[in-house]
Amino acid sequence: MKLDVKNIRYLSRDDWRVLTATEQGSRNHEIVPTPLIASLAALGGGGVPKSISALAKTNLIARVKNARYDGYRLTYGGLDYLALHTHTKAGTVYSVGNQIGVGKESDIFVCAAPETGRQLVLKIHRLGRISFRTVKANRDYLRNRAGGSWMYMSRLAAMKEFEFMKALRREGFPVPEPVGQSRHTVVMSLVDAFPLRQISRVGEPAALYGELMGLIVRLARYGLIHGDFNEFNILVEEKMDADDEDGPITLIPTLIDFPQMVSIDHVNADFYFDRDVTCIKRYFSRRFGFTADEPGPFFKDSTKKLIKRLDVEVEASGFSRKMAKTLEAYMKEHGVDGDAGEAERSDDDDADDAGENETGEGEGQDAQGHHHASEPLSPTPNPPTATTALTP
Ligand code: ADP
Ligand code: MG
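Residues numbered from 1 in each chain as written. Chains lettered and ligands numbered in written order. Predicted model: local features only at pLDDT ≥ 70, side-chain atom pairs only at ≥ 80, totals over all residues.

A few words on helix α8 (residues 269-288). Here α8 is 20 residues long and its end C-alpha atoms lie 28 Å apart, about the 28 Å a rise of 1.5 Å per residue gives. The set of residues buried in α8 consists of Ala 269, Tyr 272, Phe 273, Asp 276, Val 277, Cys 279, Ile 280, Tyr 283 and Phe 284. Summarising the axial view, the buried residues of α8 lie within an arc of 140°, below the 170-degree limit, and thus occupy one face. Just beyond α8, the residue with positive phi is Gly 289, at close to 60°. (Helix = DSSP H or I, 4+ residues; strand = E, 2+ residues; numbered from the N terminus. Expected span 1.5 Å × (residues − 1). Buried ≥ 20, exposed ≤ 12 C-beta atoms within 10 Å, placed from the backbone. Arc of directions from axis to C-beta.)

Right under this line is the structure:
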């Protein structure tokens, strides 16, 4: 989905209050009655109608026709702006640049931090983008949340991702650095690497294979199963010896994409564990013709000696078990299967059609080309030219 940030600088203080009021009202109203927006915004004078029309014009809120009463709903664009506004005020994001990823349930943008211009990634979760048919069939989640379901579910996904990323990072797992979270968005460090999917040269596959299986096992020892462990969610940095282009490459994996993480206590934990393992086995066999000598790893062995229970820690830290259940039920019902479905369908001969954020088969020396897919991003201290500043 498009993220058009060019209007964000021109919103007045009143506009922000009205936008925030619409968000507040949508917790209990599918269509927020105009008088409620006005009372929540609590603007002196007659500023509300003016702001409402400005926000509607830029599609941050949408007038709902055919309703029993006059009202508005917050759009994805409006929610994006509110989240970006929060990141800006928190000093985490200064500007937004190119889109580097489009998933079924998320959009990924490069953005820059204020002052340092450090490049970051903004991940916007968009869970309601998929069919709403099944939602109608089961109004359970909607009973108290009216039409805010997509908003709430996307926020749960972002919260979950952020909490797990923090916990994993703290324990030294190779994951991006979590920087901030607001509503349906997560800000994290930019990993300058390709998804494994785009890596054509791995040298000796056994080393990387061993490292990835080791990662699956280590996660389990910390109480966790990634649940979507595949060639799209493993970024691999290729480190080459500067003096020897044909020499060995060191491959450094980073794990991303955590909304489907499950606890080792999950009723289907062994199934998810095996699926993660199988995914890597299949990929290594198809892509690199590599098959390990040893079977496994197995769930039972991996969870015999636990080091720590990050699943329990995260549960206590703000992403509750109830939230996890709600999100899981929603994802299940909507057939949200992350990249796993994609991985299963893919095989060797469609290796270069995997996504919009690809530059092709990326030879090692083109590794930096990853983020050049749309616009060049310079590693200068200033925000890249292609980005749009969010404040006047
Ligand atoms: P989705 O849920 O849509 O699969 P991901 O978190 O897997 O979202 O991100 C999609 C793609 O965006 C990844 O395959 C990767 O190419 C890119 N990406 C995501 N996060 C980062 C990051 N922190 N650094 C660099 N690239 C990233
Ligand atoms: Mg992914």
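That covers the picture; the talk isn't over yet.
Further remarks concern the sheet that holds strand β11 (residues 234-240). As summarised here, the arrangement of the three strands in space is β9-β11-β12, forming an open sheet in which the pairing is antiparallel. In this open sheet, the two strands that pair with only one neighbour each are β9 (194-195) and β12 (249-255). (Pairing = 2+ DSSP bridges.)

A few words on the site of ligand 1. In the neighbourhood of ligand 1, 20 residues make up the surrounding shell, with Gly 101, Gly 103, Ser 106, Val 191 and Asp 257 lying closest. Where the shell around ligand 1 is concerned, the elements lending two or more residues are β4 (95-102), β5 (106-112) and β6 (119-125). Looking at side-chain class alone, the shell around ligand 1 contains eleven nonpolar, five polar and four charged residues. (Near = placed C-beta within 6 Å. Nonpolar A, V, L, I, M, F, W, Y, C, P; charged D, E, K, R; others polar.)

For the rest of this paragraph, the subject is the environment of Gly 172. Within the fold, Gly 172 resides in the loop between α6 (149-170) and β7 (178-182). Since 8 C-beta atoms lie within 10 Å of it, Gly 172 is described here as exposed. Separated by 16 residues in the primary sequence, Gly 172 and Met 188 place their C-alpha atoms 16 Å from one another.

Here we come to the packing of helix α7 (residues 205-221) against α8. Two numbers describe how α7 lies on α8: the axes approach to 11 Å, and their chain directions differ by 175°. By the angle between their axes, α7 is roughly antiparallel relative to α8. Contacts between α7 and α8 involve Pro 205, Tyr 209, Leu 212, Met 213, Ile 216 and Ala 220 from the former and Phe 273, Asp 276, Val 277, Ile 280, Phe 284 and Phe 288 from the latter. (Axes fitted to C-alpha atoms, helices over the stretch in contact; angles between N-to-C directions. Parallel < 35°, antiparallel > 145°, perpendicular 65-115°, else oblique. Contact = placed C-beta atoms within 7 Å.)

Okay, helix α11 (residues 321-333) next. End to end, α11 covers 18 Å across 13 residues, agreeing with the expected 18 Å (1.5 Å per residue, within 8%). Here α11 has its buried residues at Ala 324, Leu 327, Tyr 330 and Met 331. The buried side chains of α11 occupy one side of the element, clustering within an arc of 135° when seen end-on. In α11, the exposed positions angled more than 90 degrees off the buried face are occupied by Lys 322, Lys 325 and Lys 332. Here the buried face of α11 lies against α6. Looking one or two places after α11, you find Gly 335, whose phi comes out positive at around 65°.

The peptide bond linking Gly 296 to Pro 297 adopts the cis configuration, its omega dihedral lying at 5°. Within the secondary structure layout, Pro 297 lies in the loop between α8 and α9 (299-302). For Ala 42, which is not glycine, the phi torsion reads 45° and is therefore positive. Residue placement: Ala 42 occurs in the loop between α2 (34-41) and α3 (47-57). With 9 C-beta atoms packed within 10 Å, Ala 42 lands in the exposed category. Backbone geometry at Glu 115 places phi at a positive 65°, although glycine is not the residue there. Structurally, Glu 115 can be placed in the loop between β5 and β6.

For the rest of this paragraph, the subject is the sheet that holds strand β1 (residues 32-33). Read from one edge of the open sheet, three strands run β1-β3-β2, paired in antiparallel fashion. Bordering the open sheet on either side are β1 and β2 (61-64), each of which pairs with just one other strand. Bridge analysis of β2 against strand β3 (residues 71-74) gives four bridges, and the strand direction is antiparallel. Bridged to Val 64 within β3 is Gly 71.

α3 packs onto helix α1 (residues 13-25) with a crossing angle of 80° between their chain directions and a minimal axis gap of 9 Å. In terms of orientation, α1 and α3 fall into the roughly perpendicular class. On α3, the residues that touch Asp 14, Asp 15, Val 18 and Leu 19 of α1 are Gly 47, Val 48, Ser 51, Ile 52, Ala 54 and Leu 55. For the contact of α1 with α3, the class distribution of residues is six nonpolar, two polar and two charged.

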